[in-house]
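Descriptive structure summary
Below, each chain spelled out in residue letters.
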Amino acid sequence: MAITVNGVEITDAMIQAELPHHDDAPHAVDGAVQELILRELLLQAAKAKGLDVSKPEEAIGTLLQNEVQSDEATEAECQAFYAENPQAFVRGEQAEASHILFTADNPTEAALVRAKAEGILNELKEQPFKFEALAREHSACPSGKQGGALGQFGRGQMVPEFDQAVFSMGENELLPTLVETQFGLHIIRTGKKTSGDTVSYDEVKDRLGEFLTETKSRRAMHEYLQTLVQAANIEGYELKPAA
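This write-up is about the structure you can find in this document. All values reported here derive from a predicted model rather than from experimental measurement.

1. Re the overall build of the chain
Each helix and strand counted, the chain has 8 helices and 9 strands in total. Taking the principal axes of its C-alpha atoms as reference, the chain extends roughly 65 × 50 × 25 Å. The proportion of buried residues among the 243 residues of the chain is 37%. Excluding contacts between residues fewer than 6 apart, the proportion of contacts in the chain whose partners are at least 24 apart in sequence is 64%.

Okay, structure coming up:
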């Protein structure tokens, strides 16, 4: 079935041309299709606003500048975030961890892989001494050859979901749930951990303000795109809302 956006077709040739921009994505085809759908929605919105779409990128840029508005983070918001997230402002914190990585190439395979990962996690809950052996047998990460060991790393060096899981655990613990990241599903076990020093608010307030302002901007962009998606007639592909 052809993919159409308000009657405009997203062709196979367009998808093939877009694919090289998504080589690093776990699901490149989905990434390409979603990008093309959103781009078409933005161009249609730009045209509806009377913008010249003969130069698509300029038209989209002008549209977003006009339609997506967000405020800068306030001092109160920065102070509140600092107070509510003390774990994010620790310097020099280190942890050791091991993992078993499971990957899938499509949604059907993903369901089977998740079931397999959950089965192995349940096995480890009963027999944790098997971690290294099961990592060597099942992990899709090169670290599997070393029993899943990733060595020592600091907070913020891993992808956010993995980082949050490791630094929220104690030493030598098996996380009782799977963690999903852009790379796949992980079974995680921590090793030795080293606590760090708290960074003062004055040291981070400028960068924190930039971060929260950018977060507001991304949220505003997400909400605007969702309004376009919800109002559109998209056929041939289910465009799932981003988190």
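2. Details of the sheet that holds strand 4 (residues 94-102)
Spatial ordering of the open sheet is given by 5-4-7-6, a layout of 4 strands whose pairing is antiparallel. Among the strands making up the open sheet, the edge pair consists of strand 5 (149-154) and strand 6 (179-181). Taking each pair of neighbouring strands and ignoring which way they run, the sheet shows an average axis angle of 45°. Sheet topology note: the strand 4/strand 5 ladder contains 4 bridges and is antiparallel. Among the inter-strand pairings, Q94 is bridged to a residue of strand 5, identified as G154. In the packing of helix 6 (residues 131-138) onto the sheet, the strands contacted are strand 4 and strand 7 (184-194), and the crossing angle to strand 4 comes to about 50°. Running over the sheet, helix 7 (residues 160-167) touches strand 4, strand 5, strand 6 and strand 7 and is turned about 40° from strand 7.

3. Notes on unusual backbone geometry
Phi is positive for N6, close to 50°, though the residue is something other than glycine. Along the polypeptide, N6 turns up in the loop between strand 1 (3-5) and strand 2 (8-10). Exposure remark for N6: the relative accessible area of 38% places this residue in the partly exposed category. In this structure, N172 is a non-glycine residue whose phi angle is positive, near 55°. Tracing the sequence through the fold places N172 in the loop between helix 7 and strand 6.

4. Observations regarding the sheet that holds strand 1
Taken in spatial order, the 3 strands make up an open sheet running 2-1-9, and their pairing is antiparallel. Across the chains shown, the open sheet's two edge strands, defined by having one partner strand only, are strand 2 and strand 9 (234-235). In the sheet, strand 1 pairs with strand 9 via 2 bridges, with the strands oriented antiparallel. Opposite T4, over in strand 9, you have E235 as the bridge partner. Sheet strands touched by helix 2 (residues 28-48): strand 1, strand 2 and strand 9. Its angle to strand 1, the strand with the most contacts, is close to 25°.

5. Quick notes on the nonpolar core
Of all hydrophobic cores here, the largest spans 27 residues; its most connected members are I3, I10, I15, I37, L41, L42 and Y224. Elements with a minimum of two residues in this core: strand 1, helix 2, helix 3 (56-67) and helix 8 (201-231). If we ignore the near neighbours within four places in the chain, the residues touching Y224 are L42, A45, L63, L64, E67 and V68.

6. What to know about the packing of aromatic side chains
Considering all chains together, one arrives at 6 aromatic pairs under this definition. For the pair F81 and F89, a centre-to-centre distance of 6.3 Å together with 85° between the ring planes defines the contact as edge-to-face. Take F81: its relative accessible area is 24%, and that puts it in the partly exposed class. For F89, a relative accessible area of 9% puts it in the buried group. Its end group placed over the ring of F131, R189 keeps NZ or CZ at 4.4 Å from the ring centre.

7. Some points on the packing of helix 4 (residues 75-84) against helix 8
Packing of helix 4 against helix 8 leaves a shortest axis separation of 9 Å and a crossing angle of 105°. By the criterion of interaxial angle, the relationship of helix 4 to helix 8 is roughly perpendicular. Contacts between helix 4 and helix 8 involve E75, E77, C78, Q79, F81 and Y82 from the first element and Y201, V204, L208, G209, F211, L212 and K216 from the second. Among the residues making up the contact of helix 4 with helix 8, the classes are represented as 8 nonpolar, 2 polar and 3 charged.

About the criteria used
- Residues numbered from 1 in each chain as written.
- Predicted model: local features only at pLDDT ≥ 70, side-chain atom pairs only at ≥ 80, totals over all residues.
- Heavy atoms only, no water.
- Helix = DSSP H or I, 4+ residues; strand = E, 2+ residues; numbered from the N terminus.
- Buried < 20%, exposed > 50% of the residue type's maximum accessible area, 1.4 Å probe, protein only.
- Contact = heavy atoms within 4.5 Å.
- Pairing = 2+ DSSP bridges.
- Axes fitted to C-alpha atoms, helices over the stretch in contact; angles between N-to-C directions.
- Core = buried A, V, L, I, M, F, W, Y, C linked by side-chain atoms within 4.5 Å.
- Phe/Tyr/Trp six-rings, centres within 6.5 Å; stacked < 30°, edge-to-face > 60°.
- Lys NZ or Arg CZ within 6 Å of the ring centre and 35° of its normal.
- Parallel < 35°, antiparallel > 145°, perpendicular 65-115°, else oblique.
- Nonpolar A, V, L, I, M, F, W, Y, C, P; charged D, E, K, R; others polar.

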